[in-house]
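# Understanding the architecture of this molecule
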Amino acid sequence: MTSHIETLVQQLEGKADESYDARAELILIGADAIPAITDGLPSLGGFGQLTAIEVFLEVADPRCGPALIGLLDSDNPTVREWAAMALASLEIDGAIEPLRRAHRACLERATPPDWTEPVGIRWALTELGARTLVAPPLTTHLRTATERRGQDAAGLRSWRGRR
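This write-up is about the structure you can find in this document. Here, residues in each chain are numbered from 1, in the same order as that chain's written sequence. Per-residue local features are limited, in this predicted model, to residues with pLDDT of at least 70; the limit for side-chain atom pairs, both in listing and counting, is 80 or more; totals at the level of whole chains, interfaces and linings are taken over all residues. To obtain the side-chain values, all non-hydrogen atoms of the structure were included, while hydrogens and water were left out.

## Here's the deal with the overall build of the protein chain
The way it works is that DSSP assigns letters per residue, a run of H or I at least four long becomes a helix, a run of E at least two long becomes a strand, and they are numbered from the N terminus. Scanning the protein chain from N- to C-terminus turns up 9 helices and 0 strands. Secondary structure elements of the protein chain, listed N to C terminal, follow the sequence α-α-α-α-α-α-α-α-α. Only the protein chains shown count as covering a residue, and every accessible area follows the Shrake-Rupley method with a 1.4 Å probe. Surface accessibility of the protein chain: about 10,000 Å² in total, with carbon and sulfur atoms responsible for 55%.

So this is what it looks like as structure tokens:
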């Protein structure tokens, strides 16, 4: 017999209003729903998995970590991206190596580096302290020049105020 929570998990894959209602109810149930969601993930398609990730983020229960790590191997690039970002947002222990593997998989698939999946994975690695944020020299120079210009303008305004 299917429990109410299991029914809600299956509804995550339904039409938008049904999925939204199930999502809201699972969030209200909270941590008690996490085991059923993680068990039900393999039976969900991309939409249901993305909705489950939203529930994981709202409930913020670290027990969803292994399920999110598993979603890094999804056939759906958006699911992989959202899983990576959720792992970082929830600060899941043990996520760094799977995220590195996911990043290498992007490279092997020749996913363009500016597409959202590799950007999300790099962001997650940076947030978890496994990657240093890199800014090209010209960008760094422009940022510094803009900051100086802003400081100069503030100094000029304060100097004019003293006259």
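## Looking at the packing of helix H6 (residues 77-89) against helix H8 (residues 116-127)
Every angle, taken between N-to-C directions, lies between 0 and 180 degrees, and every axis is a line fitted to C-alpha atoms, over only the stretch in contact when it is a helix. Running from N to C, H6 and H8 point in directions that differ by 15°, and their axes come no closer than 8 Å. When the axis of H6 is compared with that of H8, the two are roughly parallel. Crossing hand, H6 versus H8: left-handed. For the pair H6 and H8, contact is made by Pro77, Arg80, Glu81, Ala84, Met85, Ala88 and Ser89 and by Thr116, Glu117, Gly120, Ile121, Trp123, Ala124 and Glu127, respectively. When residues are grouped by polarity, Ala, Val, Leu, Ile, Met, Phe, Trp, Tyr, Cys and Pro land in nonpolar, Asp, Glu, Lys and Arg in charged, and all others, Gly among them, in polar. Of the residues that constitute the contact of H6 with H8, the class distribution is 7 nonpolar, 3 polar and 4 charged. Orientation is classified from the angle alone, with under 35 degrees giving roughly parallel, over 145 giving roughly antiparallel, 65 to 115 giving roughly perpendicular, and any other angle giving oblique. Left-handed describes a crossing whose near helix is turned anticlockwise from the far helix through less than a right angle; right-handed describes the clockwise counterpart. Throughout, a residue-residue contact means that at least one pair of heavy atoms, one from each residue, lies within 4.5 Å.

## A look at unusual backbone geometry
Backbone geometry places Glu91, a non-glycine residue, at a positive phi of 50°. Its location among the elements puts Glu91 in the loop between H6 and helix H7 (96-108). Whether a residue is buried, partly exposed or exposed follows from its accessible area with a 1.4 Å probe, protein chains only, as a fraction of its type maximum: under 20%, in between, or over 50%, in that order. Taking the relative accessible area as the measure of exposure, Glu91 reaches 61% and is therefore exposed. For Ala110, which is not glycine, the phi dihedral falls at a positive 60°. Along the chain, the position of Ala110 falls in the loop between H7 and H8.

## Concerning the side chain of Thr51
With respect to the secondary-structure elements, Thr51 resides in helix H4 (residues 46-59). Pairs of N or O atoms within 3.5 Å make up the polar contacts considered here, provided that, within protein, one atom can donate a hydrogen while the other can accept it, and that residues adjacent in sequence are counted only when both atoms are side-chain atoms. Looking at Thr51, its side chain comes within polar contact range of the main-chain oxygen of Phe47, at 2.9 Å. The contacts of Thr51, once residues within four sequence positions are left out, are Leu12, Ser19 and Arg23.

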